[in-house]
Protein chains: 2
Amino acid sequence: MTPPTSTHHTILTGDRPTGPLHLGHYVGSLRERVTLQQEHRQYVIIADLQALTDNAAHPERIRANILEVALDYLAVGIDPTLTTIFIQSLVPELAELTMYYLNLVSVARLQRNPTVKEEIALRGFDRGIPAGFLCYPVSQAADITAFKADLVPVGADQLPMIEQTVEIVRAFNRTYGGTVLVEPKPLLSRIMRLPGTDGKGKMSKSLGNTINLSDGAETVRDKVKKMYTDPAHLRLEDPGTVEGNPVFAYLDAFDPDPDALDAMKEQYRRGGLGDSTVKRRLLEVLLTELDPIRERRLVFARDPEQVWAILRQGSKIARSTATKTLDEVRQAVGLDYFPTD
Amino acid sequence: MTPPTSTHHTILTGDRPTGPLHLGHYVGSLRERVTLQQEHRQYVIIADLQALTDNAAHPERIRANILEVALDYLAVGIDPTLTTIFIQSLVPELAELTMYYLNLVSVARLQRNPTVKEEIALRGFDRGIPAGFLCYPVSQAADITAFKADLVPVGADQLPMIEQTVEIVRAFNRTYGGTVLVEPKPLLSRIMRLPGTDGKGKMSKSLGNTINLSDGAETVRDKVKKMYTDPAHLRLEDPGTVEGNPVFAYLDAFDPDPDALDAMKEQYRRGGLGDSTVKRRLLEVLLTELDPIRERRLVFARDPEQVWAILRQGSKIARSTATKTLDEVRQAVGLDYFPTD
């Protein structure tokens with residue numbers, strides 16, 4: 001491991017294992033992780049306990065998706081020799097850190113968190129908001145600080161979560177008079193969120209409008225065929241709208257030939273370019289990107305034991321770092337009665 | 001360890017290490033623990049993390065009081081070969097269990113907890129209620145269930161805490177289809193709360209109206225001398241009131257000769273018995289009770305290393321039981337990916 005310098009950062013990022021990862025994840029974060037791991041110390045958390053905060057009654061979904069998410073990671077090229085991939089619940093120090101941090105945040109502050117507020121509205125908890133859900137930003141602060149991550153890749157809607165972590169870090173360092181915890185900075189994703197295939201908002205498993213990294217070529221073909229385009233673009237010769245048209249949004253994200261894409265947009269706007277032609281190009285571009293990912297995925301999927309071994313090993317590495325931070329935290333608080341056994 | 005039968009219970013009880021234990025603790029719980037350890041499997045938790053929920057900025061108080069509380073335990077006769085005395089933060093499985101349970105309780109439910117509401121009013125948190133404080137009944141549920149305690153000695157004001165644990169146990173067993181967790185029952189203290197030496201409400205460190213188990217004979221003498229009695233009982237020959245008179249409340253709790261005490265009350269009510277005489281009797285009774293406790297305390301205090309070793313050993317024992325429960329919990333939830341390392 002290279003010591004951190006101005007150009008070397010420690011990065012914490014990850015996913016809740018609640019479903020297969022899709023093109024939205026790929027464009028928004030996975031692709032970037034493959035690049036970041038070359039230069040930085042990267043930890044990728046599979047946040048099973050966080051997933052449980054709004055899936056308490058459906059742990060089987062979480063369990064099933066851990067392997068799937070790990071396969072997605074390996075398939076896109078996240079390299080376990082460069083990146084530490086680990087499972088949250090296998091690093092119990094994160095739960096311990098959460099207990100310390102919960103005392104440094106008020107209930108009112110958690111209730112004001114815009115991201116949490118939005119997610120609460122989305123979920124419509126019928127038995128009231130679970131305490132675990134309200135507190136998950138604190139648990140996230142534990143995930144980030146345990147590794148002294150100074151950079152956290154996020155979308156703009158996740159900025160309040162980073163702010164919350166920064167507040168906890170400052171409260172901790174101020175209260176316990178130290179510099180044990182490191183303030184993270186957000187690394188804003190350069191690509192805007194990919195819309196869903198239905199053109200309605202972002203790509204999201206719960207909306208059923210995703211193209212998954214694990215989808216077979218036939219499934220991708222079907223999904224592209226059914227994609228929403230410009231509803232006013234009825235006949236080939238009609239002028240069409242590019243803006244808000246998800247087919248073009250995907251081409252923007254994936255087409256390696258920007259000049260050809262610009263020409264296509266031009267023709268689409270003018271009229272004379274059919275949706276089926278544009279979709280054929282999109283399918284070609286997508287399969288070029290997805291075919292090798294799917295092939296690597298199939299190779300790893302043949303040996304799930306090996307994938308679990310990677311997660312187990314990553315969790316051990318993560319644990320040894322988190323243990324060091326927890327020791328420092330306990331020492332700062334003054335509850336370090338004995339050396340760790 | 002004897003297997004639990006109808007007469008053998010597993011008991012979880014303990015204290016926040018925020019100050020020296022006093023006669024109120026002794027009468028309300030410590031004396032009972034000495035009896036209970038003979039028949040039952042007893043765990044006594046020194047709840048340092050719980051103490052931190054409303055002392056986040058003063059961890060030094062907690063640290064300093066751990067040894068003091070342990071000395072009080074040993075001095076009154078809690079026997080570490082019969083009772084497992086442990087420190088909460090040395091059993092990280094409790095934090096992990098808390099994370100699972102937080103998802104099974106709504107924020108609204110926690111806010112309705114009468115004990116928490118009362119304590120919030122008492123404390124007047126100036127920066128809002130810390131999330132850790134709101135959630136501490138969940139952490140308490142972890143403490144109780146980790147040891148499958150079926151009996152928890154409490155005062156009447158703590159009954160809502162047991163109810164909260166029972167609800168969590170039921171929600172867990174219902175959600176994860178098992179019988180892993182055990183519903184605790186309260187063991188109500190037979191003795192009513194001891195009033196403070198000032199006669200104002202209960203004996204409480206924060207009110208400065210305590211007689212501590214660690215108080216020297218001179219201090220006890222001073223405190224008894226200054227005790228509040230019946231303010232209307234000005235002259236020896238005046239009739240006095242026994243009810244609400246803390247001197248008689250203490251005699252009720254400690255005087256081994258109930259007939260002599262009844263006669264004394266009779267005379268006090270009639271008039272002709274001075275406060276100083278009653279206080280002399282109280283001092284005699286108290287010192288008879290406290291002298292051997294203080295002597296044992298001094299012996300243990302001479303070897304703090306030994307006391308820490310007892311706590312360390314107890315925490316190891318507690319940890320091995322809590323680990324078993326956590327393994328069962330993870331198995332029930334379905335997040336048991338690997339055997340525990």
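All values reported here derive from a predicted model rather than from experimental measurement. (Residues numbered from 1 in each chain as written. Chains lettered and ligands numbered in written order. Predicted model: local features only at pLDDT ≥ 70, side-chain atom pairs only at ≥ 80, totals over all residues.)

Trainee: Provide a residue-level description of the relation of the copies chain B and chain A, including the pertinent values.
Mentor: Superposition record for chain B on chain A: RMSD 0.0 Å, screw rotation 180°, translation along axis 0.0 Å. Overall, the copies show the geometry of a two-fold rotation axis. When C-alpha positions in chain B are compared against the rotation axis, the closest is assigned to alanine 95 of chain B, at 2.8 Å. Residue by residue, 100% of the interface of chain B is reproduced at the interface of chain A, so both copies engage with the same surface. (Least-squares fit on C-alpha atoms with pLDDT ≥ 70 in both. Contact = placed C-beta atoms within 7 Å.)

Trainee: Any details on the nonpolar core? Residues and values, ideally.
Mentor: A general feature of soluble globular proteins is that nonpolar side chains tend to end up buried together. Ranked by size, the top nonpolar core spans 182 residues in total, and within it Ala70, Tyr101 and Cys135 of chain A together with Ala70, Phe86, Tyr101 and Cys135 of chain B carry the most contacts. With sequence-adjacent residues up to four places away left out, alanine 70 of chain A is seen in contact with Ile46, Ile85, Val307 and Leu311 of chain A. (Core = buried A, V, L, I, M, F, W, Y, C linked by C-beta atoms within 7 Å. Buried ≥ 20, exposed ≤ 12 C-beta atoms within 10 Å, placed from the backbone.)

Trainee: Can you lay out the pairing of strand β2 (residues 41–46) of chain B for me, pointing to particular residues and giving the numbers?
Mentor: Residues and elements named next belong to chain B. Here β2 lies mainly inside the structure; six of its six residues are buried. The alternating pattern of β2 places Arg41, Tyr43 and Ile45 and Gln42, Val44 and Ile46 on opposite faces, both of which are buried. Examined bridge by bridge, strand β1 (residues 10–15) and β2 share six bridges and lie parallel to one another. Residue pairing in the sheet places threonine 13 in a bridge with valine 44 of β2. (Helix = DSSP H or I, 4+ residues; strand = E, 2+ residues; numbered from the N terminus. Pairing = 2+ DSSP bridges.)

Trainee: Please set out helix α4 (residues 93–102) of chain B residue by residue, giving values where relevant.
Mentor: Burial analysis of α4 of chain B places 10 of its 10 residues in the buried class, which makes it a mostly covered element. In this structure, the buried side of α4 of chain B is in contact with α2 (48–52), α4 (93–102) and α7 (131–134) of chain A together with α8 (136–146), α9 (159–175) and α14 (304–333) of chain B.

Trainee: Residue-level account of the confidence of the model for chain A, with values.
Mentor: Confidence in the prediction of chain A, expressed as mean pLDDT, is 93, and 96% of residues score 70 or more. If you check the scores for this complex, the pTM reads 0.92 and the ipTM reads 0.92. (pLDDT = per-residue confidence, 0-100.)

Trainee: Pulling in residues and values, what's your account of the packing of helix α3 (residues 59–76) of chain B against α14 of chain B?
Mentor: Residues and elements named next belong to chain B. With their axes 10 Å apart at the nearest point, α3 and α14 run at an angle of 85° to one another. Taken as axis vectors, α3 and α14 run roughly perpendicular relative to one another. On α14, the residues touching Leu67, Ala70, Leu71 and Leu74 of α3 are Pro304, Val307 and Leu311. Looking at side-chain class alone, the contact of α3 with α14 contains seven nonpolar, no polar and no charged residues. (Axes fitted to C-alpha atoms, helices over the stretch in contact; angles between N-to-C directions. Parallel < 35°, antiparallel > 145°, perpendicular 65-115°, else oblique. Nonpolar A, V, L, I, M, F, W, Y, C, P; charged D, E, K, R; others polar.)

Trainee: Can you tell me about the interface of chain B and chain A, naming the residues and giving the values?
Mentor: Listed as interface residues are 43 residues of chain B and, on the opposing side, 43 residues of chain A. Of all the secondary structure elements, the ones that give two or more residues to the side of chain B that touches chain A are α2 (48–52), α3, α4, α5 (107–112), α7 (131–134) and α14 of chain B. The biggest single contributor to the side of chain B that touches chain A is α4 of chain B, with five residues. Along the lines of polarity and charge, the residues of the side of chain B that touches chain A split into 27 nonpolar, nine polar and seven charged.

Trainee: Tell me about unusual backbone geometry, and name the residues and values.
Mentor: A negative phi angle characterises most non-glycine residues, just as the trans form characterises most peptide bonds. The backbone of lysine 148 of chain A sits at a positive phi, close to 50°, despite the residue not being glycine. Residue position: lysine 148 of chain A is located in the loop between α8 (136–146) and β4 (151–154).

Trainee: Provide a residue-level description of helix α11 (residues 246–254) of chain B, including the pertinent values.
Mentor: For an α-helix, 3.6 residues make a turn, and residues three or four places apart therefore share a direction. Turning to α11 of chain B, its buried residues number three or more, namely Pro246, Val247, Phe248, Ala249, Tyr250 and Leu251 of chain B. Against α12 (258–270) and α13 (275–301) of chain B lie the buried residues of α11 of chain B.

Trainee: Give a detailed account of the domain arrangement of chain A, specifying residues and quantitative values.
Mentor: Residues and elements named next belong to chain A. When its domains are assigned, chain A resolves into domain 1 (10–194 + 304–333) and domain 2 (215–298). Centre-to-centre, using C-alpha coordinates, domain 1 lies 34 Å away from domain 2. Between domain 1 and domain 2, the contact holds seven residues from the first and six residues from the second. Here the side of domain 1 that touches domain 2 takes four residues from helix α3 (residues 59–76), the largest share from any one element. Grouping the amino acids of the side of domain 1 that touches domain 2 by side-chain chemistry returns seven nonpolar, no polar and no charged. (Domains from an automatic or database assignment.)

Trainee: Any chance you could break down the environment of leucine 290 of chain A for me, citing the residues and the numbers?
Mentor: Residues and elements named next belong to chain A. Its location among the elements puts leucine 290 in helix α13 (residues 275–301). Since 25 C-beta atoms lie within 10 Å of it, leucine 290 is described here as buried. The sequence separation of leucine 290 and glycine 216 amounts to 74 residues, and the corresponding C-alpha distance is 9.0 Å. Beyond its immediate sequence surroundings of up to four residues, leucine 290 is in contact with Leu213 and Val220.

Trainee: Provide a residue-level description of the environment of leucine 159 of chain A, including the pertinent values.
Mentor: Residues and elements named next belong to chain A. Position of leucine 159 relative to the elements: it lies in helix α9 (residues 159–175). The partly exposed category is assigned to leucine 159, around which 15 C-beta atoms lie within 10 Å. Expressed as a C-alpha distance, the spacing of leucine 159 and threonine 115, which sit 44 residues apart in the sequence, is 8.4 Å.

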